[in-house]
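Residue-level structural notes
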Amino acid sequence: MNTNLLVAALVNGLMLAAVYALVALGLTVVFGLLDIVNFAHGQMILIGAYLVVSLVAHSLNFWAALVVAVVVVALVGALLERVVFRPVESVPINGLLVSIGLIAIGQNVIRAVWGPNQQIVPPPVSVVWHVGGATVPMSRVVIVAGSVLVLGALSLFLYRTRAGKALRATAQNRDAAELVGIPVARVNNLAFAAGAGLAALAGGFLAMQFPVEPLLADSPLVMGFIVLILGGAGSPLGAVLGAMVIGLTESLCTALLSSEAAQIVPFVILALILFVRPEGIVRIGSDRWV
Amino acid sequence: MGVAALRRAAGLGRLWPLALVGAAIAVVYTEDPVWITLATLAAIWTLWATSLNLIWGYSGQFSMAQTGLGMLSAYVAAILVHSYDTSAYAAILAGLGASVAASALIGLAALRLRGFYFAIMTLAFLLVLSAVLENLALAGRTTGIVVAYRLGSLSLGPITWDLDSRHGGFLVACWTVAAGVLALIGRLTRLRFGKLLIAIRDDPLLATSFGVDISAYKIGAFAMSAIIAGLAGILLSLYFRYITPSFFGFDTLINVIVLLVIGGTGRLVGPLVGAAVYVALIDYFRIGGDYRQGVFGAILILTVIFAPQGLVGLLAGLRSGRAGALRTAALKRFAGIYNR
């Protein structure tokens, strides 16, 4: 077994895991709190990526562009929650339907503004490490490191700040949270904005590695959902663990088997999980996933 | 029921689907290729939407597998004829059988799970099948496969009906199938099976307490919806005379979902109205030009927020006056039990 190939596959897998974790976390925050399956998450990933492309094309520094993209998409997310999702929050299936409508609108807008062709972001980090005989592109390490930082910050936020506690409280028991005076509507809005921001961040990282085109977010979104279910819908820790499983599996499959197999294996894992342990790796508690 | 009153007024009673076939024949006589094309597509969309309506509107289980199941049927039939020299109708039967088998598998695996998980499983089915077909040489990979069979002709006494004719034979064939399916489902909802499905949708707990095996009924409904989806897929493949996985992909699925919601879920004519609206707005009037997709999405959002019971539900409410308004309000509240 070629160790260089293995190292490359591992690094690639970690990068994929990082991106999937961001996507799945965005979905988890929205699904865990608002019970909304947001299929339009993919469009938000895409808009994040495209914004980075445009800003960088206008000579903005990549990292600044990333921050701007995240903030803009988060604001858009907050707006969408208020205008489109909140009126239908009493019937969860309607949230899913509405998100499908948003997909159609999003696809149209993206095609109209940025066109169907590929756009490439000049990589901000093109250094390559040589570890032993293997080549490790720094950009992948940066993505992983960046994601770890964001996850750490998110964890700090959730467990060390009042707003984070309010979020967790609302996720655990919405009515009780309202009873103790937590402004649930604002918390939900914040959560959706955070989810959108995470999507944009994932989009920005994807833009670093891949050419940006309308189909860019399709696979990460589907993988994000698989990770969501695998990890236990509603559990941030589960999302991270699940992302590592899926990301590494996909990368190792591509290296050891074929890219076709790598496409199908995550679905096999999904089917297995739904058969064996539908509540996912990290069980939340019976009132969460029912 | 407002719509039932309309039907009775039309004098046909339970035989109202015949009017659809009659309308199709009328379109044939206009000899306008645009109308013929649109009407044919409308029939196919009606079938897709009816398939979804059966499992979602009537049984309360949101599914995204319909286009995938149709794709399976179409491909099985096409491959059997193309590579294994099967006769047309045998291939069609095999295709429908494959669709039912797939639905049984998915159903057994996932119907006991809650709505969200089942929906993701069905979406996964569509994606996996697309991926497999795109990589399978037998299926022509991404360039697709030619549909080499035809429906043939039907001789009824002095009249010979060429079922494949682009001048109207195929149109009438499609609408006959659609009308037949609608009539069957209309019949079904009056039978015990249909009523139990609706009961399961509205209050699964109560249904279980009466000894109803929820999973069995849902699997049955899903299998039936698979047959209808298979019919839609096969007719679509016959229409284009070749198929690729992209014909059945996420975009088509979104269109089916949207047009069913606009028409009205849980109502027999919902798919019909939705298909008519879709074909009229998108293909005929071409509303919004390049922004058609976005406009359609916006219409969906507005419909879900302001009129979740769809156009048919709205009309039923208007027609019956206050009683309708009350029923609509009750339906809205019941909608909270959809899929939970």
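Keep in mind the model is a prediction, meaning the values are calculated, not measured. (Residues numbered from 1 in each chain as written. Chains lettered and ligands numbered in written order. Predicted model: local features only at pLDDT ≥ 70, side-chain atom pairs only at ≥ 80, totals over all residues. Heavy atoms only, no water.)

1. Some points on the overall build of chain B
To keep it simple, the criterion reads: Runs of H or I in DSSP of at least four residues are treated as helices and runs of E of at least two as strands, each being numbered from the N terminus. Throughout, exposure labels follow a simple rule: accessible area from a 1.4 Å probe, protein chains only, divided by the maximum for the residue type, with under 20% read as buried, over 50% as exposed, and the rest as partly exposed. The criterion used for residue contact is that any of the two residues' heavy atoms lie within 4.5 Å. Method for areas: the Shrake-Rupley scheme with a 1.4 Å probe, in which residue coverage is limited to the protein chains shown.
Helix and strand content of chain B: 15 helices and four strands. When the 340 residues of chain B are sorted by exposure, 55% land in the buried category. Restricting the contact set of chain B to residue pairs at least 6 apart, pairs at least 24 apart contribute 74%. Carbon together with sulfur atoms contributes 67% to the accessible area of chain B, which is approximately 14,400 Å² in total.

2. Here's the deal with the overall build of chain A
The cut-off we apply is this: Here the globule rule reads 2.2 Å times residues to the power 0.38, and the radius of gyration is calculated from C-alpha atoms. This count recognises Lys and Arg as positive and Asp and Glu as negative, with His and chain-terminal groups excluded. Note on charges: their place is set at NZ of Lys, CZ of Arg, CG of Asp or CD of Glu.
When its secondary structure is counted, chain A shows twelve helices and two strands. The helix and strand sequence of chain A, counted from the amino end, reads α-α-α-α-β-β-α-α-α-α-α-α-α-α. Radius of gyration (C-alpha) of chain A: 19 Å, near the 19 Å computed for a compact globule of 290 residues. Counting only C-alpha atoms and orienting by the principal axes, one finds that chain A spans roughly 60 × 45 × 35 Å. Looking at chain A as a whole, 51% of its 290 residues are labelled buried. Across chain A, contacts joining residues at least 24 apart in sequence account for 73% of those joining residues at least 6 apart. Of the accessible surface of chain A, which amounts to about 12,300 Å², a share of 67% is contributed by carbon and sulfur atoms. Averaging the coordinates of the 13 positive side-chain charges in chain A and doing the same for the 11 negative ones gives two points 11 Å apart.

3. Focus: the interface of chain B and chain A
When the parts come together, some accessible area is lost, and that loss is often what is quoted as the size of the interface. This is how it is decided: Buried area is calculated as the accessible area (1.4 Å probe) missing from two parts once they are joined, with the contributions of both summed. What counts as a salt bridge is simple: a side-chain nitrogen of Lys or Arg found within 4 Å of a carboxyl oxygen of Asp or Glu.
Across the boundary between the two partners, chain B contributes 39 residues, which contact 40 residues of chain A. Between chain B and chain A, roughly 3,400 Å² of surface is buried when both sides are summed, and carbon and sulfur atoms account for 78% of that area. For chain B, the biggest contributors to the area lost against chain A are Phe116(B), Tyr117(B) and Gln293(B); these three give 18% of the whole. Where chain B meets chain A, there are zero salt bridges.

4. Topic: the confidence of the model for chain B
Definition in use: pLDDT runs from 0 to 100 and stands for how confident the predictor is about each residue.
A residue-level look at chain B finds 88% of positions with pLDDT of 70 or above and a mean pLDDT of 82. For this predicted complex, the interface confidence score (ipTM) comes to 0.85, while the overall pTM stands at 0.85.

5. A word on the packing of helix α3 (residues 33–58) of chain B against helix α11 (residues 250–263) of chain B
All names here are of chain B. How we decide: Whenever a helix is involved, its axis is fitted only over the stretch in contact; in every case the axis is a line through C-alpha atoms, and angles between N-to-C directions fall within 0 to 180 degrees. Just so you know how the angles are binned, under 35 degrees is roughly parallel, over 145 roughly antiparallel, 65 to 115 roughly perpendicular, and the rest oblique. For this scheme, ten residues count as nonpolar: Ala, Val, Leu, Ile, Met, Phe, Trp, Tyr, Cys and Pro. Four count as charged, namely Asp, Glu, Lys and Arg, and the remainder, Gly too, count as polar.
Relative orientation of the contacting elements α3 and α11 amounts to 70°, with a least axis distance of 9 Å. Between α3 and α11, the angle is such that the two are roughly perpendicular. Contacts between α3 and α11 involve Trp 45, Trp 48, Ala 49, Leu 52, Asn 53 and Trp 56 on the former and, on the latter, Thr 252, Asn 255, Val 256, Ile 257, Leu 259, Leu 260 and Val 261. Its residues placed into classes, the contact of α3 with α11 shows ten nonpolar, three polar and no charged.

6. So, the packing of aromatic side chains
All names here are of chain B. Filter applied, for reference: Two rings belonging to Phe, Tyr or Trp (six-membered ring only in the last case) form a pair when the distance between their centres is within 6.5 Å. Interplanar angles under 30 degrees mark stacking, angles over 60 mark edge-to-face geometry, and anything in between is tilted.
If you walk through the whole model with that rule in mind, you get 14 aromatic pairs over all chains. Centre to centre, the rings of Tyr 239 and Phe 240 are 5.0 Å apart; their planes meet at 80°, and the pair counts as edge-to-face. Measuring from ring centre to ring centre gives 4.9 Å for Tyr 278 and Phe 296, while their planes differ by 50°; the resulting arrangement is tilted. Of this pair, Tyr 278 sits in helix α12 (residues 270–284) while Phe 296 is found in helix α13 (residues 292–306), placing the two residues 18 residues apart along the sequence. Judged by relative accessible area, which is 7%, Tyr 278 ranks as buried. Grouped by ring-pair contacts, the aromatic residues Phe 170, Tyr 239, Phe 240, Tyr 242 and Phe 247 constitute a single cluster.

7. Here's the deal with the side chain of His41(A)
Inspection of the secondary structure puts His41(A) in helix α2 (residues 41–57). Excluding residues within four positions of it along the chain, His41(A) makes contact with Val23(A), Gly26(A), Leu27(A), Gly195(A), Ala199(A) and Leu221(A).

8. Describing helix α5 (residues 138–160) of chain A
The test is simple: By this rule, a helix spans an expected 1.5 Å times one less than how many residues it contains.
Compared with the 33 Å implied by 1.5 Å per residue over 23 residues, the 32 Å span of α5(A) between its first and last C-alpha is a close match. Taken as a whole, α5(A) has its buried residues at Ser139(A), Ile143(A), Gly146(A), Ser147(A), Leu151(A), Leu154(A) and Leu158(A).

9. Structural notes on the pattern of salt bridges
Any two side chains of opposite charge can pair, on the condition that their charged atoms come close. In this structure the tally under the stated criterion is three salt bridges over all chains. We note a salt bridge from Arg86(A) to Glu81(A), for which the minimum N-O separation is 3.1 Å. Of the residues examined, Glu81(A) reaches a relative accessible area of 1% and is grouped as buried. Between Asp202(B) and Arg201(B) there is a salt bridge, and its shortest N-O distance comes to 3.0 Å.

10. Some remarks on the pairing of strand β3 (residues 159–162) of chain B
Side chains on a regular strand alternate between the two faces of the sheet. All names here are of chain B. Using the following cut-off: Strands qualify as paired when DSSP identifies two bridges or more between them.
Relative to β3, strand β2 (residues 153–156) is paired through four bridges, and the arrangement is antiparallel. Within the sheet, the bridge partner assigned to Ser 155 lies in β3 and is Thr 160. Between the end of β2 and the start of β3, which pair antiparallel, lie two residues, with Gly 157 showing a positive phi angle near 65°.

11. A closer look at unusual backbone geometry
Positive phi outside glycine occurs at Ser59(A), with the angle close to 70°. Position of Ser59(A) among the secondary structure elements: in the loop between α2 and α3 (62–85). Unusually for a residue other than glycine, Asp85(B) sits at a positive phi of about 55°. Residue placement: Asp85(B) occurs in the loop between α4 (66–84) and α5 (88–110).

12. Considerations on the environment of Met64(B)
The topology assignment puts Met64(B) in the loop between α3 and α4. Residues Met64(B) and Leu253(B), spaced 189 residues apart in sequence, show a C-alpha to C-alpha distance of 7.1 Å. With near-sequence residues (within four places) excluded, Met64(B) lies in contact with Phe39(A), Ala119(B), Thr122(B), Leu123(B), Leu126(B) and Leu253(B).

13. So, a nonpolar patch on the surface
All names here are of chain A. What counts, and what does not: Like charges within 9 Å and nonpolar side chains (Val, Leu, Ile, Met, Phe, Trp, Tyr) within 5 Å are joined into patches, using only residues over 30% in relative accessible area that form no salt bridge.
Together, Leu 60, Val 68, Val 72 and Val 76 line one region of the surface with nonpolar side chains, adding up to about 260 Å² of accessible area. One can find Val 76 in helix α3. Val 76 gets classed as partly exposed once you look at its relative accessible area, which sits at 41%.

14. Notes on the confidence of the model for chain A
Taken residue by residue, chain A gives an average pLDDT of 85. The fraction at 70 or more is 96%. Confidence drops under a pLDDT of 50 for residues 286–290 of chain A, and excluding neighbours within four residues, the segment shows nine contacts in the predicted structure.

15. A few points about helix α6 (residues 162–172) of chain A
Residue and element names in this part refer to chain A. Rule in force here: Working definition: the arc comes from the directions between the helix axis and the C-beta atoms, pointing outward to the latter.
Along α6, the residues that are buried comprise Gly 164, Ala 166, Leu 167 and Thr 170. Mapping the buried residues of α6 onto a view down its axis gives an arc of 160°, with all of them on the same face. Seen from the open side of α6, the exposed residues pointing more than 90 degrees away from its buried face are Arg 162 and Gln 172. The inward-facing, buried residues of α6 abut α1 (3–34), α5, α7 (174–179) and α8 (184–209).

16. Some points on the packing of α1(A) against helix α10 (residues 236–256) of chain A
Here is the rule we go by: In a left-handed crossing the near helix is turned counterclockwise from the far helix by less than a right angle, and in a right-handed crossing that turn is clockwise.
Two elements in contact, α1(A) and α10(A), have axes separated by 7 Å at closest approach and are oriented at 145°. The two elements α1(A) and α10(A) cross, and the hand of that crossing is right-handed.

17. Focus: the environment of Ala173(B)
Residue and element names in this part refer to chain B. With respect to the secondary-structure elements, Ala 173 resides in helix α7 (residues 169–190). The class for Ala 173 is buried, based on a relative accessible area of 7%. Placed 152 residues apart in sequence, Ala 173 and Val 21 show a C-alpha to C-alpha distance of 8.7 Å. Non-local contacts of Ala 173, meaning those with residues more than four positions away in its chain, are made with Leu 151, Trp 161 and Leu 163.

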